[in-house]
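Below are the chains, spelled out letter by letter.
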Amino acid sequence: MAVAAFCAAGVVEDGPLAGLAGEVGQRSRDGGPVTISYMLPNDGARAVTITHVGLLNSDGLTLEAAHVVPGRFFIGGPYPPETDDEHWANHAPTWRQRVDAVGAVIPAGGGHDLVVGLRPGRLGTSRIDGVEITYTEGGRTYRLESRMKVTICTGPGC
């Protein structure tokens, strides 16, 4: 039904942005949000503009924030990233270049990451099946499901 609605609205699944699959597990030390990043290679000939970011099949996680950064960004640690910590300091220049994901423009051939803050809503494990990104390019609207599964564990049993 949702696919039919997307097709009726002119949204197509196969576009210039590529997603990835896989699985990652992280721990939230204090129950706060965790930083996760998704690669956003633009294989098209033109820039794309992100219009929406959401979670796929969330079980206990909420989207705290979503940004686009140039280049690759790390996975793990608190959100927002502690870029003043010496372990993550080399990511500070990239983090300072972040822009809100909605409205972000990814150039053709651009190597950018979507960086999200995921907040666990309970002790134990929470998970998502990935993120969905809606974007436009050349007057067309596309929908990407980047299916990197994320599990975040909070509490003493982690």
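See the structure shown above.
Residues numbered from 1 in each chain as written. Predicted model: local features only at pLDDT ≥ 70, side-chain atom pairs only at ≥ 80, totals over all residues. Heavy atoms only, no water.

Peer 1: Whenever I open this one, the pairing of strand β8 (residues 111–120) confuses me. Can you help?
Peer 2: In the case of a regular strand, side chains alternate between the two sheet surfaces. With eight of ten residues buried, β8 lies mostly within the body of the structure. Relative to β8, strand β3 (residues 34–41) is paired through eight bridges, and the arrangement is antiparallel. Bridge pairing in β8 places V34 opposite L118. Relative to β8, strand β5 (residues 61–70) runs antiparallel, the two sharing nine bridges. Considered in β8, the bridge of V69 is made with D113. (Buried < 20%, exposed > 50% of the residue type's maximum accessible area, 1.4 Å probe, protein only. Helix = DSSP H or I, 4+ residues; strand = E, 2+ residues; numbered from the N terminus. Pairing = 2+ DSSP bridges.)

Peer 1: Please clarify how the state of the cysteines should be interpreted in this entry.
Peer 2: Covalent bonding between the sulfur atoms of two cysteines is what defines a disulfide. Under the defined criterion, the tally for this structure stands at one disulfide. With its sulfur 1.9 Å from that of its partner, C153 forms a disulfide with C158. Residues C153 and C158 are joined through a disulfide that is left-handed, its torsion about the S-S bond being -85°. Given a relative accessible area of 36%, C158 falls into the partly exposed group. (Disulfide = S-S within 2.5 Å.)

Peer 1: When you look at the sheet that holds β8 in this model, what are you seeing that I'm missing?
Peer 2: Adjacent strands of a sheet form backbone hydrogen bonds with each other and so pair up, either parallel or antiparallel. Overall, antiparallel pairing links the four strands, which are arranged β3-β8-β5-β6 in an open sheet. Either end of the sheet is taken by a strand with one partner, and the two such strands are β3 and β6 (99–100).

Peer 1: Explain the environment of G130 here, please?
Peer 2: As for its position among the elements, G130 is in strand β10 (residues 130–137). A sequence separation of 110 residues divides G130 from L20, and the C-alpha atoms of the two residues are 9.2 Å apart. Among residues more than four places away in sequence, those in contact with G130 are Y38, G54, L55, L56, S146, R147 and M148. (Contact = heavy atoms within 4.5 Å.)

Peer 1: In this structure, what is going on with the nonpolar core? I would like to understand it.
Peer 2: Burial of nonpolar side chains together is a common tendency in soluble globular proteins. If you look at the biggest cluster of nonpolar residues, it comprises 28 residues, and the most contacted ones within it are Y38, L40, L114, L118 and V150. For this core, the secondary structure elements donating two or more residues are β3, β4 (48–56), β5, β8, β10, β11 (140–146) and β12 (148–154). Contact partners of L118, with chain neighbours within four places excluded, come to G32, P33, V34, I36, L55, L61, T62, L63, I128, V150 and I152. Membership of the second largest hydrophobic core comes to eight residues, among which are V69, F74, Y79 and W95. (Core = buried A, V, L, I, M, F, W, Y, C linked by side-chain atoms within 4.5 Å.)

Peer 1: Could you clarify how one ought to interpret the sheet that holds β12 in this entry?
Peer 2: Here we have three strands laid out as an open sheet, ordered β2-β12-β9, and mixed in their pairing. With one partner strand each, in any of the chains shown, β2 (22–28) and β9 (124–128) form the two edges of the open sheet. The sheet shows a mean angle of 20° between the axes of neighbouring strands, taken without regard to direction. (Axes fitted to C-alpha atoms, helices over the stretch in contact; angles between N-to-C directions.)

Peer 1: Looking at this structure, I do not really get unusual backbone geometry. What am I missing?
Peer 2: Comment: phi is negative for the bulk of residues other than glycine, and the bulk of peptide bonds are trans. Residue P80 is bonded to the preceding Y79 through a cis peptide linkage, with omega at -5°. Its place among the elements puts P80 in the loop between β5 and α2 (92–96). For N57, which is not glycine, the phi dihedral falls at a positive 50°. Its location among the elements puts N57 in the loop between β4 and β5.

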